[in-house]
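# Fold and geometry: a report
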Amino acid sequence: MKNIFRKTAVTALSLVVAAGLFAGCGSDKKDAGTASPQKVEGKVAASGSTALLPLLKAGQEEFYKKHDKVTINLSGGGSFTGQKQVASGAVDIGNSDVALADDLKDKGLVETKLVGIPFVFITNKDVAVENLSAGQYVDIMTGKIRNWKEVGGKDQKITIVHRSKSSGSRATIAQVVLKGAQFTDDAIIQDSNGSVRSAIATTPGAIGYVDAAYVDGTVKALSFDGVKYSIAAVIDGKYPVYTFGRMFTKGEPKGAVKAFVDYVTSSEFQEKHAEQKGFVPVTKMKK
Amino acid sequence: MRKYDLDRIRNESLARKVLLVSAGFLTFIIIALVFFIGQQGLRTFLDVSPLEFFFSAKWSPDTENYGALSFIVGSLLVTFLSIAVGGPVGIAAAVFMAKLAPKWMLEIMKPAVNLYMAIPSVVYGFIGLTVVVPFVREFFGVAGGFGIFTASLILSIMILPTVISISTDALLAVPSMQEEGSYALGATYWQTIWHIVLPAAKPGIVTAVILGMARAIGETMAVQMVIGNTPRLATSLFSPTSTLPSEIVVEMGNTPFGSTWGNSLFLMALILLLISLGMILTVRRIGAKKAVEA
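Just so we're clear, the structure is a prediction, and the values are computed from it rather than from any experiment. Every residue gets a number counted from 1 within its own chain, in the order that chain's sequence is written. To label them, take the chains in the order written and letter them from A, then take the ligands in the order written and number them from 1. Residues qualify for local features only when their pLDDT is at least 70, as the model is predicted, and side-chain atom pairs are given and counted only at 80 or more; totals for whole chains, interfaces and linings, by contrast, use all residues.

### Focus on the overall build of chain B
Numbering of helices and strands runs from the N terminus; a helix is a DSSP stretch of H or I covering at least four residues, while a strand is a stretch of E covering at least two. Looking only at helices and strands, one finds 14 helices and two strands in chain B. By its C-alpha atoms, chain B is 70 × 70 × 35 Å across when sized along the principal axes. In this scheme the burial state of a residue depends on its C-beta neighbours within 10 Å: 20 or more other such atoms mean buried, 12 or fewer mean exposed, and anything in between means partly exposed; the C-beta positions come from the backbone. For chain B, with 294 residues in total, the buried portion stands at 38%. Working definition of a contact: two residues with C-beta atoms, positioned from the backbone, lying within 7 Å. A separation of at least 24 residues holds for 74% of the contacts in chain B among residues at least 6 apart in sequence.

Here it is as structure tokens:
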């Protein structure tokens, strides 16, 4: 009985050791890949923004068709987690939909823009307003304007529904639209794009913002400074409410990591998948 | 023969070791959990004064304001409101089930209550968001419909199975001799329940209420979906606010681990853990007292 116990333990232990060795080998190969660009092999680990995951998953599948010797691990965790993990070397690529955090700026991270992420302000369908100016958005989001009649709508209380203080979407709106002004705390907070949309759809007089991909028939999309959201408007630079999905690498990407980054930022991949997933192809954008 | 005995002794000592290791492992996990949350949470006080954390309601990590008062107050408010509604209703239902219901009805109701306990909280939250929130908005004529009242209403329903099943057991355990004595003295049905049965079952009912409160204060998903998660002190029954668990779940995902912000979320988890632990200890004391009296 004891013997069996011991044997199992020994087997388990040797399996763990073998797995460890195997994993070690994998990461060594990554650098070897640089020698001949034709045959990339190795492992790529990426983590971070969950908003970018669907696009990168598509990228992974297409990439495998060309490079069958590369293994790509994609995981979520959020933009800040991605930035932290790539800075500490836990992953090769940190995906983020917000700019690099201040305390990571000296870590030698290199940013590659992956895709444009547009945001759209949406309201409940009973709101009679079609367009707001940038200044009106700021006044509403900071709590200065509290009734729709002040911006040309009917006499109805404005209910703000948006994301939590740790959300990347909120950070983007704070930066692009509010330009430093503080959001009012008098708001309903939901924890994802989907629940923001459904709360707005069911709450009269509600306003908020979501990733453009989440706009559907249950809510009303507002124009920004007279410009209606469309991918073309973002490409032309007329619609300003967007940010970039970015991939951070420690130093310039190389080997299999470079091959993957190059592939997902190529116009071939971008034009096929970005728009379909609700993003703006970075290859078409001016900046 | 001797070989067989030896094997048996060996098996027995092995089994004992396995049990010991399992129990030890369980204890270790609990202690490690408390230690980890405590260690991470208490680090908040390196950057934030306890005075600010507990007595300020200004929660604004961008500007280094970490006042958690509104979450603590929010948690306590929804817990007490939900037990104020759910407690009496649950106890009344338990009295009915234990003393009045015909046997066939009891046989349907008991499994029904247990089934009730198995409903995932996200289902309550979803019904809350799509049915109760619009109802509260229309019925009370308030903007939004998210807030303390809606959350308490849903919680009071969610804690019912806990309150009902534990109270029913307590009521069923009251010796029938006491009841019969009461009837023999000419007491009515109602007098017997009010003056004899309920006082006799009191420790069990108090336990039921406390466990119901523990369930309410820790509930995350359903509350998060209907309370509004606004980091502000509640000013009325219908104002949206936040609770400790709802704030943790909304912000934890994207908050960097190890930052003051992340640590203060751990501190909230620690507070929650200590409150629940306190409740469980109270229940244990009640149980111990009951055992002494018996």
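### With respect to helix α6 (residues 121-140) of chain B
At any given residue, the bend is defined as the angle formed between two axes, one fitted to the seven residues that end at that position and one fitted to the seven that begin there. Considering bend angle alone, the principal kink of α6 of chain B is centred on Gly-128 of chain B and spans about 45°. Taken together, the buried positions of α6 of chain B are occupied by Tyr-124, Gly-125, Gly-128, Leu-129, Val-132, Val-133 and Val-136 of chain B. Buried residues belonging to α6 of chain B abut α6 (193-202) of chain A together with α7 (148-158) and α12 (221-226) of chain B. Looking one or two places after α6 of chain B, you find Gly-141 of chain B, whose phi comes out positive at around 60°.

### Quick notes on the domain arrangement of chain A
Taken as a whole, chain A is organised into domain 1 (42-117 + 243-284) and domain 2 (118-235). Across the boundary between the two partners, domain 1 of chain A contributes 13 residues, which contact 11 residues of domain 2 of chain A. What fixes the domain bounds is an automatic or database domain assignment.

### As for the interface of chain B and chain A
Of the residues lining the interface, 24 residues belong to chain B; the matching set on chain A comes to 21 residues. Mapped onto the side of chain B that touches chain A, the elements with two or more residues apiece are α1 (2-42), α6 and α13 (244-252) of chain B.

### Side note on the pairing of strand β8 (residues 206-211) of chain A
All names here are of chain A. Extensive coverage of β8 is indicated by the burial of six of its six residues. For two strands to be treated as a pair, DSSP must find at least two bridges joining them. When strand β4 (residues 109-123) meets β8, the two strands line up antiparallel, connected through five bridges. Of the residues in β8, the one forming a bridge with Phe-121 is Tyr-209. Strand direction decides the pairing type here: strand β6 (residues 159-162) and β8, joined by two bridges, are parallel. The residue of β8 that forms the bridge with Ile-160 is Ile-207.

### A short note on helix α8 (residues 255-264) of chain A
The buried fraction of α8 of chain A is high, at seven of 10 residues. Within the span of α8 of chain A, buried status applies to Gly-255, Ala-256, Val-257, Ala-259, Phe-260, Val-261 and Val-264 of chain A.

### Digging into unusual backbone geometry
Positive phi values are uncommon outside glycine, yet Lys-179 of chain A reaches one of about 45°. Relative to the assigned elements, Lys-179 of chain A resides in the loop between α5 (168-178) and β7 (188-189). Positive phi outside glycine occurs at Asn-229 of chain B, with the angle close to 55°. Examined against the element boundaries, Asn-229 of chain B turns out to sit in the loop between α12 and α13.

### So, the environment of Gly-278 of chain A
All names here are of chain A. Along the chain, the position of Gly-278 falls in the loop between α9 (267-273) and β12 (280-281). Residues Gly-278 and Asp-155, spaced 123 residues apart in sequence, show a C-alpha to C-alpha distance of 34 Å. Those residues within four positions of Gly-278 in sequence are excluded, and the remaining contacts are Asp-211, Ala-212 and Ala-213.

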